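Each chain, written out:
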There are 2 protein chains.
Amino acid sequence: MRCEVVAIGTELLLGQITDTNSSWIGEQLALAGIDSLYQIKVGDNFDRMVECIRHSLERADAVITCGGLGPTQDDITREAIAEVMGVPLVRHPEIGDRIRKMFESRGRTMPENNLRQADVPEGASTIPQQPGTAPGLICPVGEKVIYAVPGVPHEMETMMQGTILPDLQRRSGFTGIIKSRVLKTWGHSESGLAELLGDRINILDAAGNPTIAFQASGIEGIKVRVTAKSDTQAGALALIAAEEDEVRKILGTYIFATDDESMESVVLDELRRKGLTLAVAEVTSGGLIGTRLSAIDASGEVFRGSIIPVAGSVRQSLLDVPPDEIGTAAAASKLANAVRIVFGADIGISTTGLHDVSTRSELPPGTTFLGISTPNSTDVEQVRLPGDRERIRQYSVISLLNYLRLKLQDMD
Amino acid sequence: MRCEVVAIGTELLLGQITDTNSSWIGEQLALAGIDSLYQIKVGDNFDRMVECIRHSLERADAVITCGGLGPTQDDITREAIAEVMGVPLVRHPEIGDRIRKMFESRGRTMPENNLRQADVPEGASTIPQQPGTAPGLICPVGEKVIYAVPGVPHEMETMMQGTILPDLQRRSGFTGIIKSRVLKTWGHSESGLAELLGDRINILDAAGNPTIAFQASGIEGIKVRVTAKSDTQAGALALIAAEEDEVRKILGTYIFATDDESMESVVLDELRRKGLTLAVAEVTSGGLIGTRLSAIDASGEVFRGSIIPVAGSVRQSLLDVPPDEIGTAAAASKLANAVRIVFGADIGISTTGLHDVSTRSELPPGTTFLGISTPNSTDVEQVRLPGDRERIRQYSVISLLNYLRLKLQDMD
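Each chain has its residues counted from 1, running along the sequence as written. Working convention: letters from A go to chains and numbers from 1 go to ligands, in the order in which they are written. It should be noted that, the model being predicted, local features are given only for residues of pLDDT at least 70 and side-chain atom pairs only at 80 or more, the latter also being counted only at that level, while totals for whole chains, interfaces and linings use all residues.

**Looking at the overall build of chain A**
Comment: elements are numbered from the N terminus, with helices defined as DSSP H or I runs of at least four residues and strands as E runs of at least two. When helices and strands are tallied, chain A shows 14 helices and 17 strands. Taken along the three principal axes of its C-alpha coordinates, chain A extends 75 × 55 × 40 Å. Taken over 412 residues, chain A has a buried fraction of 45%. Long-range pairs, those at least 24 residues apart, make up 64% of the contacts in chain A with a sequence separation of at least 6. Note on burial: count the other C-beta atoms lying within 10 Å of the residue's C-beta; 20 or more is buried, 12 or fewer is exposed, in between is partly exposed, and C-beta positions come from the backbone. In this description, a residue-residue contact is defined by the distance between C-beta atoms placed from the backbone, which must lie within 7 Å.

**Considerations on the environment of S299 of chain A**
Residue and element names in this part refer to chain A. Position of S299 among the secondary structure elements: in the loop between α11 (288-294) and β14 (303-309). Residue classification places S299 among the buried positions, given that 21 C-beta atoms sit within 10 Å. Along the backbone, S299 and L204 are 95 residues apart, and their C-alpha atoms lie at a distance of 40 Å. Those residues within four positions of S299 in sequence are excluded, and the remaining contacts are L268, L293 and S294.

**Considering the relation of the copies chain B and chain A**
When chain B is fitted to chain A, the best match, at an RMSD of 0.1 Å, comes from turning it 180° and sliding it 0.0 Å along the axis. Taken together, the rotation angle and the small translation identify this as a two-fold axis. Copy-to-copy superposition: least squares on the C-alpha atoms, limited to residues that have pLDDT of at least 70 in both copies.

**Regarding unusual backbone geometry**
Residue and element names in this part refer to chain A. The omega angle of the peptide bond from N209 to P210 is 0°, so this bond is cis rather than trans. Relative to the helices and strands, P210 resides in the loop between α8 (198-207) and β10 (211-216). Located in the positive-phi region is A298, a residue other than glycine, with phi close to 65°. Residue placement: A298 occurs in the loop between α11 and β14.

**Brief notes about the domain arrangement of chain A**
Residue and element names in this part refer to chain A. Domain start and stop points were drawn from an automatic or database domain assignment. Per the domain assignment, the segments of chain A are domain 1 (3-171), domain 2 (177-258) and domain 3 (263-410). Centre-to-centre separation of domain 2 and domain 3, based on C-alpha positions: 31 Å. Between domain 2 and domain 3, the contact holds seven residues from the first and nine residues from the second. Charged residues are taken to be Asp, Glu, Lys and Arg, nonpolar residues to be Ala, Val, Leu, Ile, Met, Phe, Trp, Tyr, Cys and Pro, and polar residues to be all remaining types, Gly included. Here the residues of the side of domain 2 that touches domain 3 are counted per class, giving four nonpolar, two polar and one charged.

**A short note on the nonpolar core**
The nonpolar core criterion groups buried Ala, Val, Leu, Ile, Met, Phe, Trp, Tyr and Cys residues into a set whenever they are joined through C-beta atoms within 7 Å. Within the largest apolar cluster, 110 residues are counted, with the highest numbers of intra-cluster contacts made by I53, I64 and I146 of chain A together with I53, I64 and I146 of chain B. Ignoring any residue separated from it by four or fewer positions in sequence, one finds I146 of chain A in contact with I53, L57, V63, T65, I81, V84, C139 and V141 of chain A. Judged by nonpolar contacts, the second largest core, of 101 residues, contains L278 and V321 of chain A together with F303 and I307 of chain B.

**Re the interface of chain B and chain A**
In this complex, chain B contributes 45 residues to the contact, which on the side of chain A involves 45 residues. For the side of chain B that touches chain A, the elements supplying multiple residues, two or more each, are α2 (21-31), β2 (38-42), α11 (288-294), β14 (303-309) and α12 (312-319) of chain B. If one sorts the elements of the side of chain B that touches chain A by residue count, β14 of chain B sits on top with seven residues. Taken together, the residues that form the side of chain B that touches chain A break down as 20 nonpolar, 20 polar and five charged. Two elements, strand β2 (residues 38-42) of chain A and β2 of chain B, share five bridges in a ladder whose sense is antiparallel. When the bridges of β2 of chain B are listed, K41 of chain A appears paired with Q39 of chain B. Strand pairing is defined by DSSP finding a minimum of two bridges between the two strands.

**Thoughts on the confidence of the model for chain A**
When pLDDT is averaged along chain A, the result is 93, and 100% of the positions lie at 70 or above. For this predicted complex, the interface confidence score (ipTM) comes to 0.82, while the overall pTM stands at 0.83. By definition, pLDDT measures how confident the predictor is in each residue, and it falls between 0 and 100.

**Quick word on the pairing of strand β15 (residues 347-353) of chain B**
Residues and elements named next belong to chain B. Of all seven residues in β15, seven are buried; the element is thus mostly enclosed. Burial along β15 is two-sided: I347, I349, T351 and G353 and G348, S350 and T352, pointing in opposite directions, are all buried. Bridge count for strand β13 (residues 278-282) against β15 is five bridges, and the pairing is parallel. Bridge pairing links V280 to I349 in β15. Pairing of β15 with strand β16 (residues 367-373) involves six bridges; the strand directions are antiparallel. Its bridge partner lying in β16, G353 is registered against T368.

**Focus: the sheet that holds strand β10 (residues 211-216) of chain B**
Residues and elements named next belong to chain B. The sheet built from four strands is open, its strands ordered β10-β11-β9-β12 with antiparallel pairing. A strand with exactly one partner marks an edge of an open sheet, and here the two such strands are β10 and β12 (255-258). Strand-to-strand twist across the sheet, computed as the mean angle between neighbouring axes with direction ignored, equals 30°. Alignment of strand β9 (residues 177-185) against strand β11 (residues 222-230), held across nine bridges, turns out to be antiparallel. The partner of T185 across the bridge, within β11, is I222. Angles run from 0 to 180 degrees between N-to-C directions of axes, and those axes are lines fitted to C-alpha atoms, restricted for helices to the stretch in contact.

**Some thoughts on the packing of helix α2 (residues 21-31) of chain A against helix α6 (residues 153-171) of chain A**
Residues and elements named next belong to chain A. Orientation of α2 relative to α6, taken along the N-to-C sense of each, is 25°, at an axis distance of 11 Å. Relative to α6, the element α2 is oriented roughly parallel. Note on packing geometry: the crossing formed by α2 with α6 is right-handed. Where α2 abuts α6, its residues N21, W24, I25 and Q28 lie against P153, M156, E157, M160 and L165. When the residues that make up the contact of α2 with α6 are grouped by side-chain class, the tally is six nonpolar, two polar and one charged. For classification, angles of less than 35 degrees are called roughly parallel, those exceeding 145 degrees roughly antiparallel, those between 65 and 115 degrees roughly perpendicular, and all remaining angles oblique. Left-handed describes a crossing whose near helix is turned anticlockwise from the far helix through less than a right angle; right-handed describes the clockwise counterpart.

Written as structure tokens, this is what we have:
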């Protein structure tokens, strides 16, 4: 089963918007076992859209067009698909009524232009999920099919998950269920994880179901994705659960989160579970930790706040740390301890390193100190972070949060 | 002159990496007056790469391939282009020597694999700029041309600017120079700016040189790009300077920055010029302002630090602001004033709003208060920010920094 993606919009070609939809669709197709061998961007031009869709449909079993379903004169995906199908557009009054009601429910009057969104190529049907004004389309062309989804990411995603992915799987002859779970890891390389899991992968390769795949995610670590097929959802989930157990036995605490969890959400959950509060003094990370923690809903229950003490005199006056004491293990220790006490938290954490001082050091570039202070102890981990200034900042965040995660586990 | 972009790499199709290179190239091509009507992603598969490059070369005058020039067995762009050209690959020993020396200068031995990067299709030449181990290629095909650049963004960008864009302009028959300047604006919609500049755009449209274009950049405002052609660089720059004067007369203080400047870099420069220091208390923005300021080189000269006082008792103990006083104009005022004094800065700024409290309010959703405190005055601006929680956080940053920028201008 092969499915191409045609992203439509002149603004994509001009680089005004980066086409992230195709990437997301590509990931979902791969996960569903469907090959996506080509992905194309084309502007809002009728002839070129028709050429692209036709060419993709020759090579593949299915085409997903993304964008061009809006109400304006630029939005001509409906027309282009009708041309490829060799059929006229038919206006569906019930779609128009639905769009009109959407406007009315927001206290607005529907512009007449929006009725264009009620045009459907003859023989095509609409996708049941419709989060916005643009209906998605299912357009059969002989044994093949064109799906049209809007360019608004959440509308596209809803239609992909609700209709297109299951429909593609059905068409591929697979009548069961495919499920997957992502285990997020930190602290080991992709090749290192592959080596640790080598025996397990050999066993799985022989059986073919479930499967394991790796995905490097830069400063967020390496993802291990377990995918299973079964006749039923319960069956697929059982296969995944069993395999997750095996992988967890091998990778242990390298795994920090599952699926949509993040390092910060996991740490906040663990603090909440233990009834502990947190304060942060971030020199190297310069606000990134506070930004990520405060972005999580209800984080204020455990996160008491963060300080970015750039000026030495601020460290002195607020945290009682000497102004010139910075970028060392002792500084990380004092900062973590001070911020814990000053913010009235149970745990204080800190980042500081060579990055923060202009003086020469015998330590290797990127050396950073991560501090954790509790009422009973203060610990400092020395790490060497790769890359330029911005990457060191970013890496210091996940390194410190992971250090805290492991520390919290030890408290059990 | 038409130029297609073929982005090569299975990881792009699988959504493991988002193809930002094509967007960047598309923007540069548009700026140089070259049409890019299709952009394609294809995996590391010889036959499909050949098909894509051939098809693009039929439709366009030039093709830029991006990726697949590395040393591993996956990297087969050289082979695919040689196939399209109908020529063999020839190994260039001098390229091999250059790559070997790159490794030696880093104290490493070159793996023999890297010699594959010294293979060049017969009749092709290499791009003079070579920031990494992969040489870029210029491959003539009759009157047309294929350029091959690596997928590493900064290597690709160096080759585009140093060789490919000038070469494409020469091929398009244009022998002069094209230059552009971006004027970044905040505080007005795209249609509003277009209306203000309407007369100016009519005049420019009639003359055709220079030109003005708009580019919406989400939470960073709207960019106005002035582009001019001339026989000489000095001529192009003079045209731009004259047009920039005209645009500035009309848009005035809506323009906050030029080209690579950002809102935060402009604010920091202005503070430095005035010899003033800054401290931040960020509730709504939750660390984003500190993160952006601390990311700028040498910001520590004027930026004394930031605090994210999540817990009410932290606001009380550190800033002497009552714990339950939050999310109001009075709170923004007190926070800005307190952080200025506590951090020993000349100016204190703050964000707080409905976003930060769970109590009901008669104010419209998204209402946010931006505080600025100096030794002489404390000002609060009430704004209504659109979108969800994360967008409100983001908008509060640029809104406050812009408010500070205007305030600093008034101090002259």
